[in-house]
Amino acid sequence: MSACLLACVLRAPPGMADAATPSLALGAGVQRMPNWAGASDDRSEPVPYLYFKWPGHGSFSTMDGLQVELLHDSTLHGGIYGDYQWGRRRDDLGVLGGKIPSLPPRINLGGYLEWQLSESIDAGVDLSHDVNGAGAYLDLYAEWDLPSAGLLEHSISLRWQAMNAPAMTRFFGIRPAAATALDVPSWQPGAGSEFASLEYDLFMPTSQHTGIALALVYGRLLGQAATSPLVTRFGSATQLSESLAFVYHL
């Protein structure tokens with residue numbers, strides 16, 4: 001997940017079936033994630049939880065963004081994709097604050113395709129562009145709903161993400177003035193692989209309409225993102241995120 005996608009780890013509860021009628025889930029939780037893309041330190045953020053799905057039309061989630069379905073049959077779905085991208089605040093940068101720029105959050109818009117390979121396995125791709133800049137982001141993923149363990153329902157997913165050069169420079173580049181202040185080489189990365197992750201999600205019902213949603217993500221920065229002096233000198237290529245939310249679903 002472009003780097004912002006490290007923070008987007010709460011998904012729809014695996015137990016919410018794809019029925020023909022709309023489904024809605026509301027809740028609140030907490031998310032622990034790296035202070036910035038490539039950081040070794042973490043921060044915790046309260047997060048709202050909203051998930052709405054209308055099969056055959058699309059879905060919206062405060063964690064996963066917007067999908068408007070324009071193409072649909074028994075195995076292939078596709079349409080418009082939009083998502084919120086985390087930036088980095090000066091307070092999150094620690095010793096880097098004032099030496100590298102803080103980054104405001106952005107909105108990405110684009111398209112997606114998803115294939116339902118079986119009842120429990122799907123794979124997809126989305127391609128999006130920063131509406132306020134030149135960044136472009138590619139995301140490939142595969143998800144597998146694991147067999148239920150009693151009431152517990154869970155899934156795993158694999159993701160690989162890439163960025164174009166402007167997006168890579170935005171998150172991992174170092175301008176000459178910043179390089180001098182940090183005593184590191186300047187860094188002007190190009191397009192390429194940026195991140196890969198393995199995610200585990202579970203949903204444990206606590207009543208007919210409530211439950212606990214948990215997500216754990218192990219991620220690794222790749223390519224020029226991983227070799228940026230910001231990461232090698234001041235951060236870590238290993239990126240871990242955890243999220244926990246209490247959910248009410250209709």
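None of the values given here were measured: they were computed from a predicted structure.

## Quick look at the overall build of the protein
Looking only at helices and strands, the protein features four helices and 12 strands. Scaling as 2.2 N^0.38, a compact globule of 250 residues should have a C-alpha radius of gyration of about 18 Å, and the protein matches this with 18 Å. With respect to the three principal axes, the spread of C-alpha positions in the protein is 60 × 35 × 25 Å. Taking all 250 residues of the protein together, the buried fraction comes to 45%. Sequence separation of 24 or more characterises 58% of the internal contacts of the protein that already satisfy a separation of 6 or more. For the protein, the exposed surface amounts to about 11600 Å²; the carbon and sulfur share of it is 64%. The positive charge centre, built from 14 side chains, and the negative charge centre, built from 24, are 14 Å apart in the protein.

## Digging into the sheet that holds strand β1 (residues 23-34)
Reading around the barrel, the 12 strands line up as β1-β2-β3-β4-β5-β6-β7-β8-β9-β10-β11-β12 and close back on themselves, with antiparallel pairing between neighbours. Neighbour-to-neighbour, the strand axes of this sheet turn through a mean angle of 20 degrees, independent of strand direction. The pairing of β1 with strand β2 (residues 42-54) spans 12 bridges and is classified as antiparallel. Residue pairing for β2: S23 is matched across the bridge by K53. Relative to the sheet, helix α1 (residues 165-172) contacts β5 (76-85), β6 (106-116), β8 (136-145), β9 (153-163), β10 (192-205) and β11 (210-221), its axis offset from that of β9 by approximately 105 degrees.

## A look at the packing of aromatic side chains
The final tally for this structure, using the stated rule, is two aromatic pairs. Ring geometry for Y84 and W86: centres 5.9 Å apart, planes at 85 degrees, overall edge-to-face. Overall, W86 belongs to the partly exposed group, its relative accessible area being 23%. In this structure, R170 packs its charged tip against the face of F171, placed 5.4 Å from the ring centre.

## So, the layout of surface pockets
Looking at the second largest pocket, its volume works out to about 200 Å³. Those elements that place two or more of their residues in the lining of the second largest pocket are α1 and α2 (176-182). Its residues assigned to classes, the lining of the second largest pocket shows seven nonpolar, three polar and four charged.

## A short note on the pattern of salt bridges
In this structure the tally under the stated criterion is eight salt bridges. R43 is the partner of D92 in a salt bridge, and the nearest nitrogen-oxygen pair spans 3.4 Å. Pair noted here: D92 is in the loop between β5 and β6 and R43 is in strand β2, with a separation of 49 residues, a long-range link. Residue class for D92 comes out buried when judged on its relative accessible area of 9%. What emerges from the salt-bridge pattern is a single network uniting R43, E45, R89 and D92.

## Concerning the side chain of Q239
Mapped onto the secondary structure, Q239 falls in strand β12 (residues 238-249). Reaching out from Q239, the side chain makes a polar contact with the backbone nitrogen of G38 at a distance of 2.9 Å. One polar contact links the side chain of Q239 to the main-chain carbonyl oxygen of S236, over a distance of 3.0 Å.

## Structural notes on the nonpolar core
If you look at the biggest cluster of nonpolar residues, it comprises 14 residues, and the most contacted ones within it are M163, F171, F172 and L221. Secondary structure elements with two or more residues in this core: α1 and α3 (223-226). In terms of residues, this core owes the most to one element, α1, which gives four residues. Counting residues in each nonpolar core, the second largest holds 11 residues, with A39, L93, A178 and V184 among its members.

## Comments concerning the confidence of the model for the protein
Mean pLDDT for the protein: 91, with 92% of residues reaching 70 or above. Contacts of residues 1-11 to residues separated by more than four positions or lying in other chains number 56 contacts, the stretch itself having pLDDT below 50. Ignoring residues within four places in sequence, the model shows residues 14-18, a span with pLDDT below 50, making 14 contacts including any to other chains.

## Structural notes on a nonpolar patch on the surface
A cluster of nonpolar side chains, V30, L151, M204, I212, L244 and F246, forms an exposed patch at the surface whose accessible area comes to about 510 Å². Structurally, M204 can be placed in strand β10. The exposure class of M204 is partly exposed, given its relative accessible area of 31%.

Parameters and conventions
- Residue numbers restart at each chain and count upward from 1, following the sequence in its written direction.
- Local features in this predicted model are restricted to residues whose pLDDT is 70 or higher, and side-chain atom pairs enter the listing and the counts only when it is 80 or higher, whereas totals over whole chains, interfaces and linings include all residues.
- Note that the side-chain values use all heavy atoms of the structure and ignore hydrogens as well as water.
- Strands here are runs of E lasting at least two residues and helices are runs of H or I lasting at least four, both read from the DSSP assignment and numbered beginning at the N terminus.
- The globule rule used for comparison is 2.2 Å times the number of residues to the exponent 0.38, while the radius of gyration itself is calculated over C-alpha atoms.
- Categorising residues by exposure relies on relative accessible area from a 1.4 Å probe, with only protein chains included: less than 20% of the type maximum marks a residue as buried, more than 50% marks it as exposed, and the intermediate range marks it as partly exposed.
- Only heavy atoms enter the contact rule, under which two residues are in contact if any of them lie within 4.5 Å.
- Accessibility throughout is a Shrake-Rupley quantity obtained with a 1.4 Å probe, and a residue counts as covered only by protein chains that appear here.
- We treat Lys and Arg as the positive residues and Asp and Glu as the negative residues; His and chain ends play no part in the count.
- Note on charges: their place is set at NZ of Lys, CZ of Arg, CG of Asp or CD of Glu.
- Two strands pair if DSSP finds at least two bridges between them.
- Angles shown run from 0 to 180 degrees and are taken between the N-to-C directions of axes, each axis being a line fitted to C-alpha atoms and, for helices, limited to the stretch in contact.
- Within 6.5 Å between ring centres, the rings of Phe, Tyr and Trp (the latter by its six-membered ring) count as paired, and their orientation is classed by plane angle as stacked under 30 degrees, edge-to-face over 60, tilted in between.
- For a Lys NZ or an Arg CZ to count as sitting over a ring, it must be within 6 Å of the ring centre and within 35 degrees of the ring normal.
- Cavity means a closed set of points on a 1 Å grid over the protein atoms alone, one where a 1.4 Å probe fits but cannot get out, pocket means an open set with protein on both sides within 12 Å along at least 5 of 7 lines, and lining means a residue has an atom within 4 Å of a point.
- Grid points are joined across faces, edges and corners, and a volume is the space filled by probe spheres set on the points.
- Side-chain classes are defined by residue name, with Ala, Val, Leu, Ile, Met, Phe, Trp, Tyr, Cys and Pro counting as nonpolar, Asp, Glu, Lys and Arg as charged, and the others, Gly among them, as polar.
- Salt bridge, as applied in this entry: a Lys or Arg side-chain nitrogen positioned within 4 Å of an Asp or Glu carboxyl oxygen.
- For the purposes of these results, a polar contact is taken to be a pair of N or O atoms within 3.5 Å, where, inside protein, one atom must be able to donate a hydrogen and its partner to accept one; residues adjacent in sequence count only when each atom of the pair is a side-chain atom.
- Definition used in this section: a nonpolar core is a set of buried Ala, Val, Leu, Ile, Met, Phe, Trp, Tyr and Cys residues joined via side-chain atoms within 4.5 Å.
- One confidence number per residue, pLDDT, is output by the predictor and ranges from 0 to 100.
- Residues with no salt bridge and a relative accessible area higher than 30% make up the patches, which join like charges within 9 Å and nonpolar side chains (Val, Leu, Ile, Met, Phe, Trp, Tyr) within 5 Å.

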